[in-house]
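Listed here are the chains, written in short residue letters.
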Amino acid sequence: MNQGVLFRYAPDSESEEAQLVIPSHERTLILKNHHDAPMAGHYGAKGTYTRIAKNYYWTGMRKYITDYVKNCPDCIKYKASNQKPSGLLQTPVPAQHFETLAIDLFGPLPESKDGKRWILIIEDCTTKWVELFALPNATAKEYMPLP
């Protein structure tokens, strides 16, 4: 108490300054000054709490500030949502089997008895059907001849 006014020294604060303990009927005024005022900038709950906690304290302060900011009409109306819009990313549906293929080349492997060192893997993305082809070497010239 200092001249009839209650102050609190925050045990977890590095600052030596005391926080003014705010009665319940003054809390909304403090929030309006630190969140709604033109110079306050409508910070989010965390920013508003940090600014208020430098000088003021009341029991349940963090929840009170969070609820106030969540229900702020200006923040609801003008702040952009951090959520991605739902339903915009869609997987294309193929019209028929073997329309979309996944191709991979695996190797080099130890040489087999018949001289094969590579495996060509082809998968139909619709049916998940896989075909494997053993190859002696992995050059496009040999397997994709020009017309």
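Just so you know, these numbers come straight off a predicted model, no measurement behind them.

Colleague: Just checking my understanding: could you explain the packing of aromatic side chains for this structure?
Modeller: One pass over the full model with this rule turns up one aromatic pair. Residues Trp58 and Tyr64 carry aromatic rings whose centres are separated by 5.7 Å and whose planes lie at 90° to one another, so their mutual orientation is edge-to-face. Assessed through its relative accessible area of 1%, Trp58 is described here as buried.

Colleague: Teacher, can you tell me more about the pairing of strand S5 (residues 118-124) here?
Modeller: Strand residues, when the strand is regular, have side chains that alternate between the two faces of the sheet. In the sheet, strand S4 (residues 101-106) pairs with S5 via six bridges, with the strands oriented antiparallel. Note that in S5 the partner of Leu105 across the bridge is Leu120. Direction of pairing for S5 relative to strand S6 (residues 130-135): antiparallel, over a ladder of six bridges. The residue of S6 that forms the bridge with Ile119 is Ala134. Counted along the chain from S5 to the antiparallel partner S6, the turn is five residues long, and its residue Lys128 has a positive phi close to 70°.

Colleague: Got a minute to help me understand the environment of Val130 in this structure?
Modeller: Looking at the element boundaries, Val130 is found in strand S6. With relative accessibility at 41%, the residue Val130 sits in the partly exposed group. Taking C-alpha positions, Val130 is 9.8 Å from Ile103, a pair spaced 27 residues apart along the chain. Those residues in contact with Val130 that sit more than four places away from it in its chain are Ile121, Ile122 and Glu123.

Colleague: I keep staring at the nonpolar core and nothing clicks. Help me out?
Modeller: A general trend in soluble globular proteins is that nonpolar side chains are found buried together. Counting eleven residues, the largest nonpolar core consists of Ile22, Ile30, Leu31, Ile52, Ala53, Tyr56, Trp58, Met61, Ile65, Tyr68 and Val69. By residue number, the principal contributor to this core is helix H3 (residues 61-70), which donates four residues. When residues no more than four places from it in sequence are discounted, the contact partners of Ile52 are Ile30, Leu31, His34, Trp58, Met61 and Ile65.

Colleague: Looking at this structure, I do not really get unusual backbone geometry. What am I missing?
Modeller: Most peptide bonds adopt trans geometry, and most residues besides glycine take a negative phi value. Going from Gly107 to Pro108, the amide bond is cis rather than trans, its omega being 0°. Along the chain, Pro108 turns up in the loop between S4 and S5. Within the chain, Phe98 stands out as a residue other than glycine whose phi angle is a positive 60°. With respect to the helices, strands and loops of the structure, Phe98 is situated in the loop between helix H4 (73-78) and S4.

Colleague: How should I be thinking about helix H1 (residues 27-36) in this particular structure?
Modeller: Owing to its 3.6 residues per turn, the α-helix brings residues three or four apart onto one side. All of the buried residues along H1 are Arg27, Ile30, Leu31, His34 and His35. The buried residues of H1 occupy an angular sector of 105° when the element is viewed end-on, so they sit on one face.

What counts as what
Residues numbered from 1 in each chain as written. Predicted model: local features only at pLDDT ≥ 70, side-chain atom pairs only at ≥ 80, totals over all residues. Heavy atoms only, no water. Phe/Tyr/Trp six-rings, centres within 6.5 Å; stacked < 30°, edge-to-face > 60°. Buried < 20%, exposed > 50% of the residue type's maximum accessible area, 1.4 Å probe, protein only. Pairing = 2+ DSSP bridges. Helix = DSSP H or I, 4+ residues; strand = E, 2+ residues; numbered from the N terminus. Contact = heavy atoms within 4.5 Å. Core = buried A, V, L, I, M, F, W, Y, C linked by side-chain atoms within 4.5 Å. Arc of directions from axis to C-beta.

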